[in-house]
Each structure stands twice: as C-alpha cells, then as structure tokens.
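Next come the chains, spelled out residue by residue.
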Amino acid sequence: MSTHSKIQIYNSLSGEKEVFKPIIDGKVGMYVCGPTLYSEPHMGNMRTFINFDLIYRYLMYVGYQVKYVRNITDAGHITNSAGEAVDSIGKAARLEQVQSLEIVYKYNVKFQDLQRIYNMLPPAIEPTATGHIQEQIEVIEKIIENGFAYVVNGSVYFDVRAYGEKFEYGILSGRKVDELAEETRELNAQDEKRFFADFALWKKANPDDMQIWRSPWGDGNPGWHIECTAMSTKYLGDKFDIHGGGLDLKFPHHEDEIAQSCGSVGISPANYWMHANMLNVNGQKMSKSLGNYFLPMEIVEGTTEVFDKPYSPQVIRFCMMQAHYRSTLDFTPDSLNAAEKGFTRLSEAYEKLGSLETKAESSQDVQALVDSFYKAMNDDFNAPMLVAGLFEAVKYINTISEGKATITAGDLELLTKEFTGFVFDVLGLTIEKASTDSALTTVMDLVLDMRKDARENKDWSTSDKIRDRLAEAGIVVKDGKDGVTWTVK
Ligand code: AMP
Ligand code: ZN
C-alpha cells in the first residue's frame with residue numbers, strides 16, 4: 001500500500017468529509033448504480049460513469065485492490081416523480097416491436113463501445129437485474145419475514161411505518177416521513193399501499209407487461225430499488241465500502257436501498273455513499289425527459305446543435321475533469337474550447353518530457369509538486385485541483401525546455417513517472433494517441449488543402465472523391481461556417 005493513501009471522501013450519509021478506511025485493509029468494494037438501457041446513454045449519464053471511473057482509477061493508483069460492481073437495469077418498474085410506475089424498457093420494446101432484452105442488448109453494445117471510446121475501465125462485473133430475479137425474491141422474502149413488508153393482491157410493498165419503529169427512514173436524504181407527506185399526493189382509493197411513502201418491492205403483472213417472472217406472490221416483476229440491494233450484497237457482501245450513483249438517485253432509490261438492506265439483513269449496506277453531480281445544459285439538468293440532451297457520439301462527430309465543431313473524446317473527458325464530481329458542470333463551447341487548448345498544452349509538455357536535459361540541481365521542488373497531485377486527489381478526488389497541479393508541472397517543463405529552469409536526473413524520473421501516471425492512469429486521458437494524431441493532422445492538412453484547391457478549380461469530382469474516400473476510412477469531413485473540420489469516427 002502506498003504511503004499516499006490518506007484519502008478523504010465526502011460521505012453523503014454524514015454530510016462530511018471522512019478519512020477513508022476500507023473494511024478490509026488494502027481492498028475496496030464499490031457498487032455504482034448503472035444505466036437503464038432503454039435508450040442510448042446521454043452525455044449526462046456518461047459524466048456520472050466517467051466520474052466513478054476516475055475514482056476507481058485513483059483507488060487503484062494508490063494501490064487498492066478494487067472490486068467495482070456496476071449493474072445494468074434491464075427490468076423493473078421505475079417510479080417517476082409523481083410516484084407512478086413506468087416500464088421504460090417495455091415501452092421502448094413495444095414501440096420497436098421487439099422483445100425487452102433486444103432493446104437492452106442493443107443499447108448495451110452501444111454503451112460498451114462508449115466506455116471504450118471514453119477510455120473507461122470496465123468494472124469487475126456488470127450484473128443485470130434480469131439475471132438476478134431469484135436473488136431479489138429472496139431479499140423480499142426476508143423483508144416480509146422481518147415484518148417490514150406486506151403482500152396485497154399479488155404485489156409486495158415495503159412498510160415504511162413498521163420500518164420506522166426500528167430504523168430511521170430518511171437517514172441518507174434527510175427527508176422525514178412527515179415532511180414527505182406534505183410533498184406527496186394523498187393515497188387514492190385504488191392505491192394498494194397502506195401508507196403514501198411505502199414503495200413496491202414486487203409488482204403484480206399487468207396484462208401488457210413485456211417481461212414477467214414467477215414469484216411466491218404470483219406472476220409479476222421486481223420493483224426498481226430491489227435489484228441493487230440483491231446484486232450489491234451478492235457480489236460485495238452485506239456490508240461494503242463505497243456505494244455511488246448520480247445525485248438524483250439519492251432519494252428515493254438509495255434511501256430505499258438502505259431501508260431494504262436494514263429490513264433484510266439488519267445493517268446499512270455501505271460505509272461511504274458518494275453522489276456525482278449533474279451535467280447541465282444552460283443551467284438545467286440534462287435529461288431524456290426534458291429533451292435537452294445530446295449523445296456521446298454526437299459531440300465527437302460534431303452533429304449536436306449546441307456546438308459547431310466536433311471534440312475528441314479525450315478533450316471531452318478532460319473538460320469533465322476540470323469540474324469536481326460534486327459540482328455541476330455546464331458543457332458550453334467556451335468550456336470545451338478551453339479544454340481543447342489545455343489538452344494540447346498538456347500533450348505538448350508530455351512530449352517534451354522525454355527530451356529534457358538534466359542538470360546537477362533542480363530549480364523547483366519536484367517532490368512538493370508531485371505531492372500536490374496526491375493531495376488534490378486525496379481531498380475527495382479533487383480532479384480540478386489535480387489539473388491545476390499538472391499545469392504547474394507543464395509550466396516547469398516548458399521553462400526547462402527553454403533553458404530557463406533546471407531539473408536533476410532523479411527529479412526528472414520522478415516527475416515523468418507521476419506526471420504520466422496521473423495523466424494516463426488517473427485522469428484516463430490517452431495522450432499517446434496525440435503523437436499519432438499529430439502525424440494524422442499533418443496529412444489531413446495536406447489532403448484538405450488539396451481538396452480546397454480542387455474546389456477552387458471547380459474540380460468537383462476530385463473534391464468529392466477525397467471526401468468519399470476519407471469517409472470510407474472513417475474520417476468525416478464537415479464544411480462549417482468557420483472552415484472545414486474533420487473527425488475520426
Ligand atoms: P439512468 O440510466 O437514468 O438510470 O441513469 C444512469 C446514471 O446517470 C444515474 O446514476 C443518474 O444519476 C445519472 N444521470 C442522469 N442524468 C444525469 C446528468 N444530467 N448528469 C449526470 N448524471 C446523470
Ligand atoms: Zn441502484
């Protein structure tokens with residue numbers, strides 16, 4: 001274990017930064033709520049997963065052995081803000097006239113592609129809700145046995161009032177049941193729940209349900225929250241270290257996960273609850289339902305309406321790293337253009353590292369510089385602070401290469417190791433590509449120049465041929481108002 005492992009984590013459960021102490025020394029169990037694959041994940045979803053990828057990477061960088069579990073939601077009734085059950089996968093399946101799992105599989109292939117493109121490390125396991133129906137039924141049975149759930153007409157509901165006699169409902173979100181009463185609608189006559197805050201663990205099948213399973217309570221399907229309780233405990237145990245997800249999942253999803261764990265095994269599942277903040281568009285949360293979203297490939301291909309040029313996945317990832325995971329981030333042309341410039345400076349400094357001359361003395365305290373990288377990340381994974389430290393290093397590297405500063409061989413070795421470690425392994429950027437990219441850029445400049453000449457000479461067949469042949473090679477050329485841009489698909 002590295003000496004640099006005094007990590008502080010902001011724990012949503014206590015509302016404070018706490019020193020991270022794993023249950024088993026040197027090992028970390030981490031569960032993160034994954035995507036509901038009824039459509040292609042949007043850039044906002046990707047931000048949450050990229051933030052947890054950063055956390056996963058840093059924990060491993062300082063020497064932890066991490067078991068990272070992130071589920072795929074492919075079943076279950078999610079409740080909307082009005083408390084109504086919505087089977088979004090079933091809805092998409094009906095619309096496309098295919099089976100539910102065809103929808104999930106189609107978007108999972110896409111999601112796996114996106115993970116690779118955005119350089120996210122695959123979790124240790126990505127279990128699915130449909131693969132764990134039996135486990136979910138078993139957790140529900142335990143909750144009923146313990147007296148915290150009741151069966152009504154083929155459905156099972158969590159009994160929040162019975163639970164409240166032994167445990168505290170609202171421990172994570174701080175919402176008190178009484179306060180909830182004011183913001184939630186009254187129970188109506190058809191409602192099967194005994195109390196407005198009770199939530200479904202199992203829902204009796206509807207005639208138009210696209211997926212149905214057998215259970216001791218009749219045919220039906222699981223409620224939304226139970227899958228995470230079943231899968232996190234199956235793969236990480238009743239108690240594990242970190243549970244994460246987007247901030248919008250804190251209530252009710254994570255609150256109900258805690259209630260289900262306490263209600264089934266008597267203990268709260270995770271020691272540290274981490275919530276990643278939202279990607280916004282003009283100050284508003286990017287979401288499918290608001291329609292203000294763009295897809296991760298649209299921004300790479302330059303086909304969104306928000307940006308008039310494409311950005312590489314590294315630049316997009318780098319832009320994300322310049323906001324702390326607990327802060328909101330607004331993607332704007334300005335923030336992405338600044339990230340692009342910054343990324344180029346970082347790449348150029350990296351390329352200089354290999355050819356710096358060493359001297360008998362260093363004109364800067366390299367150990368302190370390197371320590372600042374760790375200090376930033378140890379402070380609740382503060383990536384923007386890390387980026388600031390890396391730019392300090394960039395400045396130093398540039399002045400050394402101009403002959404205005406000096407570095408010893410030992411310090412250069414240390415700086416090279418940690419600079420590249422933090423850039424590649426922790427931030428997950430892929431600068432090696434930058435050098436091949438720069439060769440490609442030279443060739444593309446030449447080719448596009450030739451195309452421009454052809455167009456000026458009204459030689460349309462040559463200009464079209466260049467464009468088509470590039471497209472065949474996966475390079476998309478776009479004529480915009482500020483000139484020609486290109487992107488590799
Ligand atoms: P879903 O597929 O809707 O279950 O969402 C998957 C993950 O993306 C969850 O952890 C959400 O909290 C997260 N998420 C949804 N919208 C955003 C957003 N605009 N910014 C960041 N994360 C988001
Ligand atoms: Zn979950």
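The shown structure was predicted, so the numbers you read here are calculated from the model rather than taken from an experiment. As a convention, each chain's residues are numbered from 1 in the sequence order in which they are written. Here chains are named by letter from A upward and ligands by number from 1 upward, in the order in which they appear as written. Restriction of local features to residues with pLDDT of at least 70 applies here, the model being predicted, together with a cutoff of 80 or more for giving and counting side-chain atom pairs; totals for whole chains, interfaces and linings are based on all residues. Hydrogens and waters are ignored; side-chain quantities use all the structure's heavy atoms.

**Q** Which residues make up the packing of aromatic side chains, and what values do they have?
**A** Between the rings of Phe, Tyr and Trp (Trp by its six-membered ring), a pair exists once the centres lie within 6.5 Å; its type follows the angle of the planes, with under 30 degrees stacked, over 60 edge-to-face, and the other angles tilted. Here the structure, examined in full by the defined rule, presents 25 aromatic pairs. An angle of 80 degrees between the planes, with centres 5.9 Å apart, marks the rings of F148 and Y163 as edge-to-face. Here the residue F148 occupies a position in the loop between α4 (133–145) and β7 (149–152), and Y163 occupies one in helix α5 (residues 160–166), the gap between them amounting to 15 residues. Comparing F148 with Y163, the two get one shared label, buried. One aromatic cluster in this structure is built from Y58, Y61, F373, Y374, F381 and F422. Any Lys NZ or Arg CZ found within 6 Å of a ring centre and within 35 degrees of that ring's normal is scored as a charge over the ring. A cation over an aromatic ring shows up here: R194 above the ring of Y150, its NZ or CZ 3.9 Å from the ring centre. Over the ring of Y10 we find R326, and its NZ or CZ is 3.9 Å from the ring centre. For the purposes of this entry, the term helix denotes a DSSP run of H or I that reaches at least four residues, the term strand denotes a run of E that reaches at least two, and both are numbered from the N terminus. The cut-offs for exposure are 20% and 50% of the maximum accessible area for each residue type, with area from a 1.4 Å probe on protein chains only; residues under the lower value are buried, those over the upper are exposed, and the others partly exposed.

**Q** Hey, could you go over the environment of F52 for me, with residue numbers and the actual values?
**A** Position of F52 among the secondary structure elements: in helix α1 (residues 43–61). Accessibility expressed as a relative area gives 0% for F52, which makes it buried. The spacing of F52 and H275 is 223 residues in sequence and 9.5 Å in space, taken between C-alpha atoms. Residues in contact with F52, not counting those within four places in the same chain, are M30, V32, Y68, G244, G245, M274 and A276. In this analysis, two residues are considered to be in contact whenever any of their non-hydrogen atoms come within 4.5 Å of each other.

**Q** With reference to specific residues and values, describe the site of ligand 1.
**A** Around ligand 1 there are 16 residues in total, and G44, T48, D248, L279 and M286 lie nearest to it. Within the backbone of T36, an N or O atom sits 2.9 Å from an oxygen atom of ligand 1. Compared with its free state, where it exposes 490 Å², ligand 1 has 88% of that area covered by protein. Tallying contributions element by element places α1 first for the shell around ligand 1, with four residues. For this purpose, a residue is taken to be near a molecule or strand whenever a single non-hydrogen atom of the residue falls within 4 Å of it. N or O atoms within 3.5 Å of each other form a polar contact, as long as, within protein, one can give a hydrogen and the other can take it, and as long as residues adjacent in sequence are counted only when both atoms are side-chain atoms. All accessible areas in this document rest on Shrake-Rupley with a 1.4 Å probe, and a residue is counted as covered only by the protein chains that are shown.

**Q** I'd like a description of the side chain of D159, backed by residues and values.
**A** Relative to the helices and strands, D159 resides in the loop between β8 (155–158) and α5. In this view, D159 contacts F148, A149, Y150, R194 and D198; residues no more than four positions away in its chain are not counted.

**Q** Any details on helix α2 (residues 88–96)? Residues and values, ideally.
**A** Taken residue by residue, α2 has S88, I89, G90, A92 and A93 as its buried positions. Among the residues trailing α2, Q97 stands out with phi positive, at a value near 55 degrees.

**Q** Lay out a negative patch on the surface with the relevant residues and their values.
**A** On the surface, a cluster of negative charge is contributed by D445, D449, D453 and E456. Look at D449 and you get partly exposed, because its relative accessible area is 46%. Exposure above 30% relative accessible area and no salt bridge define the residues that can form patches, which grow by joining like charges within 9 Å and nonpolar side chains of Val, Leu, Ile, Met, Phe, Trp and Tyr within 5 Å. A carboxyl oxygen of Asp or Glu within 4 Å of a side-chain nitrogen of Lys or Arg is what we treat as a salt bridge. In this count, Lys and Arg are taken as positive residues and Asp and Glu as negative ones, while His and the chain termini are left out. Where a charge lies is defined by one atom per residue type, namely NZ (Lys), CZ (Arg), CG (Asp) and CD (Glu).

**Q** Describe in detail the coordination of the zinc ion (ligand 2), supporting the description with residues and values.
**A** Coordinating donors are taken as N, O and S atoms within 2.8 Å of the metal, stretched to 3.2 Å for Na, K and Ca; because water is absent from the atoms, sites can appear incomplete. Note on the zinc ion (ligand 2): its protein donors are C33 (SG), C228 (SG) and H253 (NE2). The metal-donor distances range over 2.0 to 2.2 Å. Read in sequence order, the donor residues for the zinc ion (ligand 2) give the motif C-x194-C-x24-H. Taken together, the residues span a long stretch of sequence, with C228 in helix α7 (residues 226–236) and H253 in helix α8 (residues 250–265) at a distance of 25 residues. Across the pair, H253 and C228 agree in class, each one buried.

**Q** Kindly report on helix α13 (residues 383–401), identifying the contributing residues and their values.
**A** For α13, built from 19 residues, the straight-helix expectation of 27 Å at 1.5 Å per residue is met to within 8% by its first-to-last C-alpha distance of 26 Å. Buried within α13 are the following residues: A383, L386, V387, G389, L390, F391, A393, V394, Y396, I397, N398 and I400. Looking at the packing, one finds that the buried side of α13 touches α1, α10 (313–320), α11 (333–353), α12 (366–378) and α14 (409–426). N-cap assignment for α13: the residue whose side-chain oxygen lies 3.1 Å from the backbone N of M385 is N382. The length a helix should cover is 1.5 Å for every residue beyond the first.

**Q** Pulling in residues and values, what's your account of the domain arrangement of the protein chain?
**A** Where each domain starts and ends follows an automatic or database-derived domain assignment. As far as domains go, the protein chain holds domain 1 (21–276), domain 2 (280–429) and domain 3 (434–488). Taken residue by residue, the interface counts 28 residues in domain 1 and 40 residues in domain 2. At the boundary of domain 1 with domain 2, total buried surface from both sides reaches about 2,800 Å², with 67% on carbon and sulfur atoms. Once two parts are joined, some of their accessible surface, as seen by a 1.4 Å probe, is lost; buried area is that loss totalled over both. Together, R47, Y58 and Y61 form the three largest contributors to the area buried by domain 1 at its contact with domain 2, with a combined 27%. At the surface where domain 1 touches domain 2, the tally comes to two salt bridges. Measuring nitrogen to oxygen at the nearest pair gives 2.8 Å for the salt bridge that ties D248 to K285. At the boundary of domain 1 and domain 2, one finds 14 residue pairs in polar contact (both at pLDDT 80 or more). At the level of elements, α1, α3 (100–117) and β12 (270–276) are the ones that each hand at least two residues to the side of domain 1 that touches domain 2. Here the element with the most residues in the side of domain 1 that touches domain 2 is α1; it accounts for 13 residues. Split by residue class, the side of domain 1 that touches domain 2 holds 17 nonpolar, six polar and five charged. Charged means Asp, Glu, Lys or Arg here, nonpolar means Ala, Val, Leu, Ile, Met, Phe, Trp, Tyr, Cys or Pro, and polar covers whatever is left, Gly included.

**Q** Help me get a handle on the pattern of salt bridges, residues and values and all.
**A** If you walk through the whole model with that rule in mind, you get 18 salt bridges. Of the charged contacts in the structure, one is a salt bridge between K417 and E418, with a shortest N-O distance of 3.4 Å. Residue classification places K417 among the exposed residues on the basis of a relative accessible area of 53%.

**Q** Give me the lowdown on the pairing of strand β1 (residues 8–11), citing residues and values where you can.
**A** The two faces of β1 differ: I9 and N11 on one face are buried, but Q8 and Y10 on the other face are not. As defined by bridge partners, β1 adjoins strand β2 (residues 16–19) across four bridges and the pair is classed as antiparallel. Each bridged residue has a counterpart across the sheet, and for Q8 the counterpart in β2 is V19. A strand pair is defined by DSSP finding two or more bridges across the two strands.

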